[in-house]
Amino acid sequence: LKSIAVITSGGDSPGMNAAARAVVRTALYEGVKVWGINDGYKGLLEENMFEMKSQSVSDIIQRGGTFLGTARCPEFETPEGRKKAYDILVKKGIQGLLIIGGDGSLRGAQKLSAEQGIPIVGLPGTIDNDVWGTDYTIGSDTAANTIVEAINKLRDTASAHSRIIVIEVMGRKSGWLAMVAGISGGAEYILVPEETYDLDAICDNLRTRYARGKRSSIIVVAEGVGSGTAIGKIIGDKTGIDTRISVLGHIQRGGSPSVEDRLKASRLGEKAALALISGLSNIVFGFQKGKIVSIDLHDAVTNIKSLDPDYLRLAKILS
Ligand code: F6P
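Being a predicted model, the structure only gives us computed values, none of them experimental.

(A) Layout of the packing of helix α7 (residues 199–211) against helix α8 (residues 228–239). Their axes nearest at 9 Å, the elements α7 and α8 cross at an angle of 50 degrees. Here α7 lies oblique to α8, going by the angle between them. Two packed elements cross with a definite hand, and for α7 against α8 that hand is right-handed. Contacts between α7 and α8 pair Leu199, Asp200, Cys203, Leu206 and Arg207 from the former with Ile231, Ile234, Ile235, Lys238 and Thr239 from the latter. Looking at the contact of α7 with α8 residue by residue, the class counts come to six nonpolar, one polar and three charged.

Laid out in structure tokens, this is it:
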């Protein structure tokens, strides 16, 4: 292809900038024109886009968020909206689209390609790490580190006061963030949507351990399980132990990307741009066992990623 566009869509994630930067510089290196679309599919429908130069992506690798902007866009969820998007791309001479986003955004791209036949290559960009077919999504490492930092701080104050602290973290459908950050932060319990839990047993166990002199407990709750505030209230009432609740919120989405996110996003960006330029379509690039792989886009958006059972077991042993 001779002209492509890059777009970020859905929730932002740290490392999206590194990925977009790699896409732009790879395209320019290959002598291909590259457009940046602002504000996701919404911006595409508003023709909010610009041709990018190497300098357009200077000074962004270290920044969280997405310099292109992003948005949630109901109009793009309709066939009419996607047809309009396609017509705009054709009008601008754009022959292929590189989309960086989570499962919802990739699903939209898959429909656009299926209905209009435009080449699409995707990159998984979401802190949730819930895209099927890849062990890794852009931003997940930085977000997990942000949560671990929060757990460290909460542990200090919990231990000073002999308290339980319940921390609610993101992950609507996936417990990956809660699990990985919880294990790394030494959490006593990690509640994830992939597994049932017995709050009575947890509370009995906490009471016994505090009676023996335990001074702190961190309970990580993935938002997909339910409200951390409600669960924390029940734990406090049932155990009679002083309990505090912390809902981490959008702090998890921002921040300067980790080395891992910068490097992996840059590597994925290069591969994805080369694939799209060479005419490949309907694939998502990701990592499996440390190696870059391409995944069928349709498979990536129709299958549900499961949580590694090793994590579930490890969390139990270490709690
Ligand atoms: O999909 C990523 C995610 O961070 C989820 O974990 C969270 O539930 C959601 O986005 C929040 O999205 P927003 O506030 O942008 O609607």
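There's plenty left to go through after this.
(B) Region of interest: the site of the ligand. Residues in close proximity to the ligand include Arg72, Ile127, Asp128, Met170, Gly171, Arg172, Glu223, His250 and Arg253, which together make up its full environment. Contacts to the ligand include arginine 72, whose side-chain N or O atom sits 2.9 Å from an oxygen atom. Between the ligand and glycine 171, the relevant distance is 3.2 Å, taken from an oxygen atom to a main-chain nitrogen or oxygen of the residue. Burial of the ligand by the surrounding chains reaches 76%, relative to a free accessible area of 400 Å². Taken together, the residues that form the shell around the ligand break down as two nonpolar, two polar and five charged.

(C) The sheet that holds strand β2 (residues 33–37), seen in detail. Strand order in the open sheet formed by seven strands is β3-β2-β1-β4-β5-β10-β11, with mixed pairing between adjacent strands. What marks the edges here is a single partner per strand, and that holds for β3 (49–51) and β11 (291–296). Each strand of the sheet is rotated relative to its neighbour by a mean of 25 degrees, with strand direction disregarded. Summarising the sheet, strand β1 (residues 3–9) and strand β4 (residues 96–101) pair through six bridges and their orientation is parallel. By the bridge assignment, valine 6 is partnered in β4 with leucine 98. In the packing of helix α1 (residues 16–29) onto the sheet, the strands contacted are β1, β2, β4 and β5 (120–124), and the crossing angle to β1 comes to about 180 degrees.

(D) Fine view of unusual backbone geometry. If you check the backbone angles, aspartate 39 has positive phi at about 55 degrees while not being a glycine. The backbone phi angle of aspartate 59 is positive, close to 65 degrees, even though this residue is not glycine. As for its placement among the helices and strands, aspartate 59 is situated in the loop between β3 and α3 (79–91).

The rules behind the values
Residues numbered from 1 in each chain as written. Predicted model: local features only at pLDDT ≥ 70, side-chain atom pairs only at ≥ 80, totals over all residues. Heavy atoms only, no water. Axes fitted to C-alpha atoms, helices over the stretch in contact; angles between N-to-C directions. Helix = DSSP H or I, 4+ residues; strand = E, 2+ residues; numbered from the N terminus. Parallel < 35°, antiparallel > 145°, perpendicular 65-115°, else oblique. Left-handed = near helix turned anticlockwise from the far one by under 90°. Contact = heavy atoms within 4.5 Å. Nonpolar A, V, L, I, M, F, W, Y, C, P; charged D, E, K, R; others polar. Near = heavy atom within 4 Å. Polar contact = N/O pair within 3.5 Å; in protein donor to acceptor, adjacent residues only side chain to side chain. Areas by Shrake-Rupley, 256 points an atom, 1.4 Å probe, with all protein chains shown as cover. Pairing = 2+ DSSP bridges.

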